[in-house]
Amino acid sequence: DSSQIQANLQWLSNLPFQQGALTQFQQEAQSFSLEGTAQDQREFEALHQFLKTHFPQVKLSHFQPEQHALYFRFEWSQGETQ
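### Re the nonpolar core
One broad trend across soluble globular proteins is that nonpolar side chains are buried collectively. Of all hydrophobic cores here, the largest spans 16 residues; its most connected members are W11, L15, L34, L51, F74 and W76. Secondary structure elements with two or more residues in this core: α1 (2-13), β2 (31-38), α2 (41-54) and β4 (70-77).

See below:
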């Protein structure tokens, strides 16, 4: 519903990116995924901690370090929120 969309947009706007970027956010029923890049390990850890404060059961399903960025994918279910 629209209130859920607004809530998602609000916390997405608060993601702690410095130079990395969100490339995809997907919601299917009660399941979510978030993909993007982090500039370095510190930025990745800040993002991971941010997600864990909102979704304690967030899972890192993909992690690929490259020369200039860290590519990641996190997944979680809505029923796992605090």
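### A few points about the environment of V58
Mapped onto the fold, V58 is located in the loop between α2 and β3 (59-65). Excluding its chain neighbours within four sequence positions, the residues that come into contact with V58 are H48, L51, K52, F74, E75 and W76.

### Some remarks on the confidence of the model for the protein chain
Low pLDDT marks regions whose predicted coordinates should not be analysed in detail. Here the protein chain averages 91 in pLDDT, and 95% of its residues register 70 or above. Within the protein chain, no element has a lower average pLDDT than α1, which sits at 87, and none a higher one than β3, at 97.

### Brief notes about the sheet that holds strand β1 (residues 21-28)
Strand order in the open sheet made by the four strands is β1-β2-β4-β3, with antiparallel pairing throughout. Where the open sheet ends on each side, the last strands, each with one partner, are β1 and β3. In this sheet, adjacent strand axes meet at a mean angle of 10° when their direction is disregarded. Inspection of the sheet shows β1 paired to β2 by seven bridges, in the antiparallel sense. Within the sheet, the bridge partner assigned to L22 lies in β2 and is G36. Packing of α1 onto the sheet brings it into contact with β1, β2 and β4, and relative to β1 it is tilted by some 155°. Across the sheet, α2 lies against β2, β3 and β4, angled at about 5° from β4, the strand it touches most.

### Quick word on the pairing of β4
Residues of β4 alternate between two faces, with L70, F72, F74 and W76 buried on one and Y71, R73, E75 and S77 left unburied on the opposite face. As paired strands, β2 and β4 are joined by eight bridges and run antiparallel to one another. Residue pairing in the sheet places E35 in a bridge with R73 of β4. Examined bridge by bridge, β3 and β4 share six bridges and lie antiparallel to one another. Looking at β4, one finds that H62 is bridged to R73.

### Digging into α1
Look at α1: 16 Å from first C-alpha to last across twelve residues, which is about the 16 Å you get at 1.5 Å a residue. Among the residues of α1, N8, W11 and L12 are the ones counted as buried. The arc that holds the buried residues of α1, viewed along the axis, is 105°, so those residues lie on one side. Those residues of α1 that are exposed and angled more than 90 degrees off the buried face are S2, Q6, L9 and S13. Buried positions along α1 lie against β1, β2, α2 and β4.

Cut-offs used in this document
- Residues numbered from 1 in each chain as written.
- Predicted model: local features only at pLDDT ≥ 70, side-chain atom pairs only at ≥ 80, totals over all residues.
- Heavy atoms only, no water.
- Core = buried A, V, L, I, M, F, W, Y, C linked by side-chain atoms within 4.5 Å.
- Buried < 20%, exposed > 50% of the residue type's maximum accessible area, 1.4 Å probe, protein only.
- Helix = DSSP H or I, 4+ residues; strand = E, 2+ residues; numbered from the N terminus.
- Contact = heavy atoms within 4.5 Å.
- pLDDT = per-residue confidence, 0-100.
- Pairing = 2+ DSSP bridges.
- Axes fitted to C-alpha atoms, helices over the stretch in contact; angles between N-to-C directions.
- Expected span 1.5 Å × (residues − 1).
- Arc of directions from axis to C-beta.

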